Amino acid sequence: MRDCGGAGSAVTLKAKPKQKAARDEGMGASGHKEEDFHFCGDRNQTQSSSVIYEHGPATISIENTAQALTIRRPFLPNRRNSYYKYSLPPTLGRYRFCVYWFQANRTLRLVYGKQSILLGGDPSSSITKGQESQKTERTSMVIFNVSYISKDGKNTSLDARAEYFFPASPESMPVWEQDVEEQLSALDSLIAQPPAPAPGATEQQTLRRKLGELEKTLAKVELEGQNQTFGKATVHVTVLRVQPTQDPQHLAFASQREEGGEVHGFTVDLPSSLFMVVKDREEVAEHRVLLMDINNQTMFQDENSSHVLGDKVVSISLVDTVVANLSDPVVLTFFHDQLPRNVTPLCVFWQEDITASSGSWDSYGCTTVTGSSQTECRCNHLTYFAVLMVSSPEITHVHRHYLSIITYIGCLISALASICTIVFLYFRSKQRDQITSMHIHMNLLGAIFLLDMTFLISEHLASSGSEAVCRAGGLFLHFSLLSCLTWMGIEGYNLYRLVIEVFNAYHDHFLLKLCLVGWGFPFLCVMLIFLANWTNYGPFSVPVYESIGGKSTNATICWITSPLIHNIVNLGFFSLVFLFNSVMLGAMVREILRQNKKGHRLKHVLALLGLSILLGIPWALIFFSFTSGVFCLVSLYIFTIINSLQGFLIFLWYWTMVLQARKSPDSQCSSDSVKLQPNSSHIG
């Protein structure tokens, strides 16, 4: 064979208008209007002849003799021992013929004059080699007026020859079943290697890159039928071919692997809207769906070392198509044993983080419906899916309902009481010489007001469907929480100045500096978290156990999506504030015991209760939520009641102390009371 210079790999092209009639005829029932390879020429038919279609090593080769027009391309291994033979028109003369190659469904069509032949499409035309002699004498004859579509889309003319050979490029080389099996074996070997104590991002990235290469191979593999399955060990793959129709139907698939672990199997239901979306984008010869069943989580390990149900990850993808925001969800159902009550399944997908060379599990766009022995994931996109095992407190739907009512009512009352107290303190501070303590109280109440209001609207923002709005809501809720904790710490520092410091030193712009710390520090924290990864804020699902039927649902709010950040930043920062303020409260108790004034115990008890609320001591009840059983539930109720009413309790405490100070019978008592209060000489 002779190589025609410049005859490169097959590429997508757009035929000229004058070629439309021939192209449509050559296209036939395939429905694809853009061929990936186009070869045309004139052939002098001097005797009765035929078309021979057989296996060849190149992408496409065309050979002309007086007896036959032979066209070769690589066959599947099980078909290489046979060839196809088609009769040509009996009328002699010059014929114009064209060969069209369609990469999408890997079909080759010959248009010879007015005759259109789908090469290899009719199994009855197949002839086993040896049954009919092919070694008859053949006389080479040249092909005239030859042209083909080059890689750059130009229609290039070629010299008249009897044979044309178009070598394959790496992109256009056919992929066989053994190629897929070799890649699967190599990937299984890498996964089966003894894992390091903590697999690094580099190892995981290498495995996921190998997985991506496997997907590209599966997109091009030659299939013997409509569906074909590959692999037996860790990675099990099924390729589904779906023919396009005017009225697409949903596609259901059940796993064919025998499962012996936590997950007994799974089913996939792809909606018809999935194929309608593709049809709207472009006309295709067929849809190719890839289903990958991965029984190992090694390449999908996030920084939180999250546990996936049964170590199973399922990938669903549509070749050459990014699928998102489907009108009807993709339904993926996992079948498993009954799960422990304190563990809740959560449907998640793998989100690659290119900047960090790693990734994380995210639940956005997925809804979890849980039964006693199955978990149903409804997602509006295609990617890698899994069921995350989330440890959760044993909160039933009934208790969650009661806690929600208490929280909403408490936050509303607290927000209104905070505003009233701020207004009163503002006007009262104008009548005093020292106003620092009052302004600190006002800022703390302002932070409580922001926290109450953002928490009230957080769940509504999560249900709005806008990811950007929910991220902003989660960021502002976190800012309000950190501001509240910071001003509690400032209250403790102010108590230290009033009770422990012997001399109250004067500081220039002291209140301004406190405000910079109280509001600036939380702002800096949330900005750093957001800039580190903007997905750190967004929808956060709180699992709620349903006692009837053993099901669970998710209450979604806009919050921090990373449990690690929540534990380090929120719990860590509160622990520091709690320890510092506990020491300050202890110093206050010591001062009360030192004075030991009889007849003033009620005032001292009220002062300590108010200080406890100001310093956020009841917030420590949150640590009891890590326990289980009745004790955990009781602590959650107490925590919810006290903290949701924090602004209202400060309001009551403040007015109680004002009334106590006004009823004080002597100046000495009033002086003692003043010294023990955080607002110093500003009460009574």
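As a starting point, this report considers the structure included with it. (Residues numbered from 1 in each chain as written. Predicted model: local features only at pLDDT ≥ 70, side-chain atom pairs only at ≥ 80, totals over all residues. Heavy atoms only, no water.)

## Topic: the overall build of the protein chain
Within the protein chain, the regular secondary structure consists of 13 helices and 26 strands. For the protein chain, the share of sequence-separated contacts (at least 6 apart) that also reach a separation of at least 24 residues comes to 72%. For the protein chain, the accessible surface area stands at approximately 32800 Å², while carbon and sulfur atoms represent 59% of it. (Helix = DSSP H or I, 4+ residues; strand = E, 2+ residues; numbered from the N terminus. Contact = heavy atoms within 4.5 Å. Areas by Shrake-Rupley, 256 points an atom, 1.4 Å probe, with all protein chains shown as cover.)

## What about the sheet that holds strand E3 (residues 60-64)?
Two orientations exist for strands paired in a sheet by backbone hydrogen bonds: parallel and antiparallel. One open sheet holds the six strands; their spatial order is E9-E5-E2-E4-E3-E12, and the pairing between them is mixed. Two strands bound the open sheet, and with one partner strand each, they are strand E9 (126-128) and strand E12 (163-166). Across this sheet, the average inter-strand angle for adjacent strands is 20°, counted without regard to direction. Here E3 runs beside E12; their pairing, made up of four bridges, is antiparallel. Residue pairing across strands places Ile-60 opposite Phe-166, the latter belonging to E12. (Pairing = 2+ DSSP bridges. Axes fitted to C-alpha atoms, helices over the stretch in contact; angles between N-to-C directions.)

## What to know about the side chain of Asn-536
You can see Asn-536 is positioned in the loop between helix H8 (510-532) and strand E25 (537-545). Separated by 3.0 Å, the side chain of Asn-536 and the backbone oxygen of Ile-529 make a polar contact. Among all residues touching Asn-536, those that are not within four sequence positions of it are Ile-529, Trp-559, Ile-560, Thr-561, Ser-562 and Ile-565. (Polar contact = N/O pair within 3.5 Å; in protein donor to acceptor, adjacent residues only side chain to side chain.)

## A word on the sheet that holds strand E22 (residues 366-370)
Within the open sheet, the five strands sit side by side as E15-E16-E19-E23-E22. Their pairing is antiparallel. Across the chains shown, the open sheet's two edge strands, defined by having one partner strand only, are strand E15 (251-254) and E22. With direction set aside, neighbouring strand axes in the sheet form an average angle of 15°. Sheet analysis places E15 next to strand E16 (residues 263-270), joined by four bridges and oriented antiparallel. By the bridge assignment, Ala-254 is partnered in E16 with Thr-267.

## Describing the pairing of E16
The pairing of E16 with strand E19 (residues 330-336) spans six bridges and is antiparallel. When the sheet's bridge partners are listed, Asp-269 is paired in E19 with Val-331.

## Concerning the packing of helix H7 (residues 467-499) against H8
Running from amino to carboxyl end, H7 crosses H8 at an angle of 145°, the nearest separation of the two axes being 9 Å. Relative to H8, the crossing made by H7 is right-handed. Here the residues of the contact of H7 with H8 sort into 19 nonpolar, four polar and one charged. (Left-handed = near helix turned anticlockwise from the far one by under 90°. Nonpolar A, V, L, I, M, F, W, Y, C, P; charged D, E, K, R; others polar.)

## What about helix H2 (residues 177-192)?
Its 16 residues give H2 an end-to-end C-alpha distance of 22 Å, which sits within 8% of 22 Å, the value for a rise of 1.5 Å per residue. Residues of H2 that are buried: Val-180, Leu-184, Leu-187, Asp-188 and Ile-191. Along the axis of H2, the buried positions cluster into a sector of 105°, meaning they face one direction only. (Expected span 1.5 Å × (residues − 1). Buried < 20%, exposed > 50% of the residue type's maximum accessible area, 1.4 Å probe, protein only. Arc of directions from axis to C-beta.)

## Topic: the pattern of salt bridges
Going through the model one piece at a time under the given rule, you end up with eight salt bridges. Measuring nitrogen to oxygen at the nearest pair gives 3.0 Å for the salt bridge that ties Arg-208 to Glu-352. Note that Arg-208 is positioned in helix H3 (residues 201-220) and Glu-352 in strand E20 (residues 343-353), a separation of 144 residues in sequence. With a shortest N-O distance of 2.6 Å, Asp-293 and Lys-312 are connected by a salt bridge. Within this pair, whereas Asp-293 is found in strand E17 (residues 287-294), its partner Lys-312 is found in the loop between E17 and strand E18 (313-318), the two being separated by 19 residues in sequence. (Salt bridge = Lys/Arg side-chain N within 4 Å of Asp/Glu carboxyl O.)

## Focus: the packing of aromatic side chains
Taken as a whole and judged by the stated rule, the model has 24 aromatic pairs. Ring centres 5.8 Å apart and planes at 70° place the aromatic pair Phe-424 and Tyr-654 in the edge-to-face group. With Phe-424 in helix H5 (residues 397-429) and Tyr-654 in helix H12 (residues 646-662), this residue pair connects regions lying 230 residues apart in the sequence. With a centroid separation of 6.4 Å and an interplanar angle of 85°, the aromatic rings of Trp-619 and Phe-639 are classed as edge-to-face. In this pair, Trp-619 sits in the loop between helix H10 (601-614) and helix H11 (630-644) while Phe-639 sits in helix H11, placing the two residues 20 residues apart along the sequence. We classify Phe-639 as buried; its relative accessible area is 18%. Taken together, the ring pairs connect Phe-39, Tyr-95, Phe-97, Tyr-112 and Tyr-164 into an aromatic cluster. Here the basic side chain of Arg-94 rests over the ring of Phe-144, its NZ or CZ set 4.9 Å away from the ring centre. (Phe/Tyr/Trp six-rings, centres within 6.5 Å; stacked < 30°, edge-to-face > 60°. Lys NZ or Arg CZ within 6 Å of the ring centre and 35° of its normal.)

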